Protein chains: 2
Amino acid sequence: MQFSSKLAIATHILLVIAEFSEKEKVTSDVIAGSTNVNPVIIRNMLLKLQDAKIIQTKAGVGGSELTKPLNKITMRDIFYAVEEDKDLFKFHANPNEDCPVGRNIHKLLDKRFDNAKEVMFDELSKITLDQLKFELDKLIKK
Amino acid sequence: MQFSSKLAIATHILLVIAEFSEKEKVTSDVIAGSTNVNPVIIRNMLLKLQDAKIIQTKAGVGGSELTKPLNKITMRDIFYAVEEDKDLFKFHANPNEDCPVGRNIHKLLDKRFDNAKEVMFDELSKITLDQLKFELDKLIKK
DNA sequence: ATAGTTGTAATAAGACAAATTACAACAAAC
DNA sequence: GTTTGTTGTAATTTGTCTTATTACAACTAT
């Protein structure tokens, strides 16, 4: 199992906005063209990124812009903007309460799963859009 | 998105074996009863745990036993025994190669995604069955 | 008013998890 | 050597979630 592509797509969206929104109008169709993802999916993500106060998009007119400096936007922020905050690992639904293991498995694993999730997101929180754009610009200039 | 319940189920399986296999024959039906998971699912997992050399099960006779000391089995081992080693985060399939962002998004995120995955599994590798059984036995005695 | 865009609902297609049914292969016990 | 209980394995089904798609109302500058 793995996460959906929402984080990669949302990051792509924000990089396109960061790179081009000062010169051109970055519409959902422009982004759809760059990502090769359906425009409706893009628009739904733009809505979520708006809810998270990461971008602002102009209904009617069209075009999106960042509302924060690039170094204040982390990949953890982006993740939580577009994905649900579910537990990382699922449990089986109905372990047998009459078995000592079944009765305690949830308690045993819960905090350990949470901890594994936390260190991963801590790692994502260290990555800012700033860093990504800096590295991207270097790659483009070559 | 989240992982399947395979890790939780496999850990449950191994704890049942660790707890009871010295006294009783732990068959797939016994485990199915404790987990409330279909016996065929359990048997498939037992096969994978055998492939990973974590347990041994007796075809025909029935019953499974651990082949390693409890402190040599980590939750990372268990995960890789029963789940595929996929990337943690997916990418969108066909970013536009004519766009500077689309052309570089994969390169930008790949190592960062891998790193986030790595720290999570490092955390899982610190959890041994030993620790889980110790904590379980404390809970049972209460 | 028009044109281009966003916001939103509804539906469909594809992938995958988990359950289920069925049965062959196997090994001990009688 | 047949019976019994179990594992190994295939095939099918159900449900859930992701992504794509169609369609259109709402919005805003020109």
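Use the structure listed above.
Residues numbered from 1 in each chain as written. Chains lettered and ligands numbered in written order. Predicted model: local features only at pLDDT ≥ 70, side-chain atom pairs only at ≥ 80, totals over all residues. Heavy atoms only, no water.

A. Structural view of the nonpolar core. Counting residues in each nonpolar core, the largest one holds 88 residues, and the members touching the most others are Ile13, Phe89 and Leu109 of chain A together with Ile13, Leu14, Phe89 and Leu109 of chain B. Not counting residues within four places of it along the chain, the set of residues in contact with Phe89 of chain B comprises Phe3, Leu7, Phe79, Met120 and Leu124 of chain A together with Phe113 of chain B. (Core = buried A, V, L, I, M, F, W, Y, C linked by side-chain atoms within 4.5 Å. Buried < 20%, exposed > 50% of the residue type's maximum accessible area, 1.4 Å probe, protein only. Contact = heavy atoms within 4.5 Å.)

B. Here's a closer look at the environment of Ser4 of chain B. All names here are of chain B. One can find Ser4 in the segment before α1 (6-20). For Ser4 and Ser28, which are 24 residues apart along the polypeptide, the C-alpha to C-alpha distance reads 20 Å. Side-chain polar atoms of Ser4 contact the backbone nitrogen of Lys6, separated by 3.2 Å. At 2.8 Å, the side chain of Ser4 forms a polar contact with the side chain of Glu83. (Helix = DSSP H or I, 4+ residues; strand = E, 2+ residues; numbered from the N terminus. Polar contact = N/O pair within 3.5 Å; in protein donor to acceptor, adjacent residues only side chain to side chain.)

C. Region of interest: the protein's contact with DNA strand C. DNA strand C sits among 27 residues. The nearest are Ser28, Arg43 and Gly60 of chain A together with Ser5 and Asn38 of chain B. Taking the atoms of DNA strand C that fall within 4 Å of the protein, sugar and phosphate contribute 59% of them. Within the side chain of Arg43 of chain A, an N or O atom sits 3.0 Å from a base oxygen of DNA strand C. Residue Gly63 of chain A places a main-chain N or O atom 3.4 Å away from a phosphate oxygen belonging to DNA strand C. Counting residues per element, the ones that place at least two in the surface near DNA strand C are α3 (39-51) of chain A together with α3 (39-51) of chain B. The leading source of residues in the surface near DNA strand C is α3 of chain A, at 5 residues. (Near = heavy atom within 4 Å.)

D. Up close: the pattern of salt bridges. Here the structure, examined in full by the defined rule, presents 14 salt bridges over all chains. With its nearest N and O atoms 2.8 Å apart, the salt bridge here joins Arg112 of chain A to Glu135 of chain B. Of the two residues, Arg112 of chain A sits in helix α5 (residues 100-125) while Glu135 of chain B sits in helix α6 (residues 129-141), which places them in two different chains. Three or more residues joined by partner-sharing salt bridges are found here, namely Glu19, Lys133 and Asp137 of chain A. (Salt bridge = Lys/Arg side-chain N within 4 Å of Asp/Glu carboxyl O.)

E. Structural view of the relation of the copies chain B and chain A. After a rotation of 180° and a shift along the axis of 0.0 Å, chain B superposes on chain A with an RMSD of 0.0 Å. The symmetry that links the two subunits is that of a two-fold axis. The rotation axis passes nearest to the C-alpha of Met120 of chain B in chain B, at a distance of 2.6 Å. A symmetric contact is evident, with 100% of the interface residues of chain B recurring at the interface of chain A. (Least-squares fit on C-alpha atoms with pLDDT ≥ 70 in both.)

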